[in-house]
Each structure stands twice: as structure tokens, then as C-alpha cells.
Amino acid sequence: MKPAAFDYVRADSAEAACELLARHGEQARILAGGQSLMAVLNMRLAQPEMLIDISRSVSLARIEIRDGYLQVGASATQAELEWREGLARELPLLQLAFPHISHFQIRNRGTVCGSIAHADPSAELPLCLLALKGSVVLRRGTRQRLLPADQFFTGMLSTARAPDELLEAVRFPLARPGQGFGFREFSRRHGDFAVCAVAAIADAQGLRVAVGGVADRPMVREWPLLEGSALDDALNEFAWALDARDDPQISAASRRHLVRRLGRQAVAEALQARNSK
Ligand SMILES: Cc1cc2nc3c(=O)[nH]c(=O)nc-3n(C[C@H](O)[C@H](O)[C@H](O)COP(=O)(O)OP(=O)(O)OC[C@H]3O[C@@H](n4cnc5c(N)ncnc54)[C@H](O)[C@@H]3O)c2cc1C
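Quick notes on the rules
- Residues numbered from 1 in each chain as written.
- Predicted model: local features only at pLDDT ≥ 70, side-chain atom pairs only at ≥ 80, totals over all residues.
- Heavy atoms only, no water.
- Core = buried A, V, L, I, M, F, W, Y, C linked by side-chain atoms within 4.5 Å.
- Buried < 20%, exposed > 50% of the residue type's maximum accessible area, 1.4 Å probe, protein only.
- Helix = DSSP H or I, 4+ residues; strand = E, 2+ residues; numbered from the N terminus.
- Phe/Tyr/Trp six-rings, centres within 6.5 Å; stacked < 30°, edge-to-face > 60°.
- Pairing = 2+ DSSP bridges.
- Axes fitted to C-alpha atoms, helices over the stretch in contact; angles between N-to-C directions.
- Contact = heavy atoms within 4.5 Å.

Visitor: I keep staring at the nonpolar core and nothing clicks. Help me out?
Guide: General note: in soluble globular proteins, nonpolar side chains tend to be found buried as a group. In terms of nonpolar packing, the biggest core is built from 54 residues, with Val72, Leu81, Leu94, Ile116, Val136, Val170 and Phe172 touching the most fellow members. Looking at this core, the element that brings in the most residues is helix H8 (residues 124-131), giving 6 residues. In terms of nonpolar packing, the next biggest core, distinct from the first, is built from 28 residues, Val209, Ala234, Ala252 and Val267 among them.

Below is the structure:
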């Protein structure tokens, strides 16, 4: 199918994009890497009157370390972050997750912020942002608001972003000494969206475990340092709380099994990484 007709405008700055969003509101959509949006348009699941292309904005492509976090601008691609020198030290969780995100051709065009804005419950970057207690920078006109990831994702492909707001950047807190990270995913084929993905962070205080692909958005739990059957029980409770549904791909029971199994593996990986430092 082909998309319905739309106007196309290129915006080279956050200011220009916000001005257009203010003028056109719900009739306009930001075009970042186009890797999800073009499929949505082709299937006519959305018929915006205007696309605001930010993909060539240099000012929005910055990736920079600030006060304890890495800020990734709206037009920075997934590949640019993936191949950043020092990523393994700064954000080991992302380094573990990137190979699971589709194929490199998609990561070359797809943006980090586009994935977060799209909010697919099976996507890896929203899962990592939530696991790391990251946040998003939303901009309307000249005003910015900062929202933690757990308040940003509100459901299946839905977020707290208003139609006239630009997701200007996302902030990933940098790894701290004493933290260990683990990531596990099951998908039908390499590069497919996750049937279930688990991110785990261990430190001296405890565990933080996030699960994607099961509920309508990524979900997270925090526990003290659990082991053995106590960890199994906690993961089992989490698996049931995610309210998995049967679908043509996999049964709800199998998804719960994956949460328990991948959860144990991701936690073991995080503990091992923490202990080896
Ligand atoms: C074959 C294929 C396989 C894929 N597999 C995976 C996978 O395994 N895991 C995974 O996580 N992803 C996967 N993806 C999705 C890919 O990561 C996309 O690039 C990403 O989800 C969207 O990023 P984008 O820059 O392409 O956004 P676009 O497609 O341009 O935009 C997506 C949505 O977000 C909005 N948007 C984008 N940027 C902003 C912004 N700055 N402010 C406000 N709104 C914005 C758009 O208006 C649109 O509604 C796959 C895609 C394809 C085509």
C-alpha cells in the first residue's frame, strides 16, 4: 500500500520543529529515521497531513555526557550510539542490548529517540531506558520538561508526549562503580522484535529487573539481592503480574516461562559482571 498524501517539511533545529508542531498539532508527525513511521503510513494506520523531517538536523544529533548521564539528541541514530567509543564503559547495558535491535541497516537509519517515542512494548531501547531510570526531554516551543521513563511510557505505542511536543533528547544515567548489567532476549529469528527481553542491574543494594515484550509497555521491579528460590519466587510473581496474553506467536504460559528463565540468566550475568569489577 501507499501512504495518503502529505506535506513534507525539513526542520533543522528543535526550534523549527516545535514551531511547526505548534502550528499543525495532531495533523503533523515528526519523521526521524522513518523505520517505524513509514510502515504505519503505508498501512494507513495514521494519515498525518504533514511530516516534519528532523533526520538531517545537526544540532539535534548531539550525543554528549552531562552531569552523570549521556544525553542523546532526537536525530542521533542508533548506530551512532552503538559505535560510540567508550559505550561499553559508559552504558554497558546498551552495549549488550544493541545486537538484539533488528539489523544494522535499520540501526543506521533508526534513531534512539524515534524508538523511545514509538514506544513499542517489545523494543529494546525503551526497556533499557526504564531499567536504567533514564528520562526524556520534551519540548514545546521554548519550554522543556523532563519526565522519568516510568512516567513516559503509558501503554502500547503510547506515551505521555503531547502531540505538539518534540522528544528533544533522552538521558541514560551512566554506569556507576559497583554496578553489573545483564541482558537476555528471545525472538523468533535474529533481528526480530523480542518475544520477551529482560534487562537486569545489580549493585551492592539489590537488583533492578525490567521486562519487555510481555505487557503493553516495559515494566520494572526492584528487589534486595535475592538468590536461589527467593529469586525464583520474585521472578514468578513478576511474570504473573505482567498479565501475559495468548497470541498467535506464543502462549501466555510460555511468555511467563521466558520471564522466569531469561530473568534468572540476566540476573546471573549482572551479578557476575558486578563481582568481576
Ligand atoms: C524490519 C524492522 C525490524 C525492526 N526490529 C526492531 C527490533 O528488533 N527492536 C527494536 O527496538 N526496533 C526494531 N525496529 C524499529 C526500529 O528500531 C525503528 O528505527 C524505531 O522504532 C523508530 O525509530 P525511527 O527513528 O525510525 O522513528 P520513525 O519511524 O521516524 O518514528 C517513529 C514514531 O515516533 C515519532 N517520533 C520519532 N522521533 C520523534 C521525536 N523526536 N519527537 C516526537 N516524535 C517522534 C514519529 O512521529 C513516529 O510516530 C525494526 C524496524 C524494522 C523496519
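Visitor: Whenever I open this one, the packing of aromatic side chains confuses me. Can you help?
Guide: The geometry of two aromatic rings is summed up by the distance between their centres and the angle between their planes. Scanning the entire structure with this criterion turns up 2 aromatic pairs. Ring centres of Phe152 and Phe153 lie 5.3 Å apart, and the angle between their planes is 70°; on these two criteria the pair is classed as edge-to-face. Here Phe152 falls in the buried class, since its relative accessible area comes to 0%. Judged by relative accessible area, Phe153 falls into the buried class, the value being 4%. Measuring from ring centre to ring centre gives 6.1 Å for Trp223 and Phe238, while their planes differ by 85°; the resulting arrangement is edge-to-face.

Visitor: Please clarify how the sheet that holds strand E5 (residues 69-73) should be interpreted in this entry.
Guide: The strands that make up a sheet are held in pairs by hydrogen bonds between backbone atoms, and each pair lies either parallel or antiparallel. Read across the sheet, 5 strands follow the order E4-E5-E10-E6-E7 without closing on themselves; strand pairing throughout is antiparallel. Of all the strands in the sheet, the pair left with one neighbour each is strand E4 (63-65) and strand E7 (143-148). Ignoring which end each strand starts from, the neighbouring axes of this sheet average 20° apart. Set on the sheet, helix H1 (residues 14-24) makes contact with strand E6 (135-140) and strand E10 (166-173); between it and E10 the angle comes to about 130°.

Visitor: How should I be thinking about the environment of Ala22 in this particular structure?
Guide: Assignment of secondary structure puts Ala22 in helix H1. Residue classification places Ala22 among the exposed residues on the basis of a relative accessible area of 59%. For the pair formed by Ala22 and Gly134, sequence separation is 112 residues and the distance between their alpha carbons is 27 Å.

Visitor: Honestly, the pairing of strand E12 (residues 196-202) in this entry has me stumped. Any pointers?
Guide: Two faces belong to every sheet, and in a regular strand the side chains alternate between them. In terms of residue burial, E12 counts as a mostly covered element, since 7 of its 7 residues are buried. Burial of E12 is two-sided: the residues Cys196, Val198, Ala200 and Ala202 facing one way and the residues Ala197, Ala199 and Ile201 facing the other way are all buried. Of the strand pairs in this sheet, strand E11 (residues 180-186) and E12 are connected by 7 bridges, and their pairing is antiparallel. When the bridges of E12 are listed, Glu185 appears paired with Ala197. Two elements, E12 and strand E13 (residues 206-212), share 6 bridges in a ladder whose sense is antiparallel. Of the residues in E13, the one forming a bridge with Val198 is Val211. Between E12 and E13, which follow one another and run antiparallel, lie 3 residues.

Any link to function would need more than the numbers given here.
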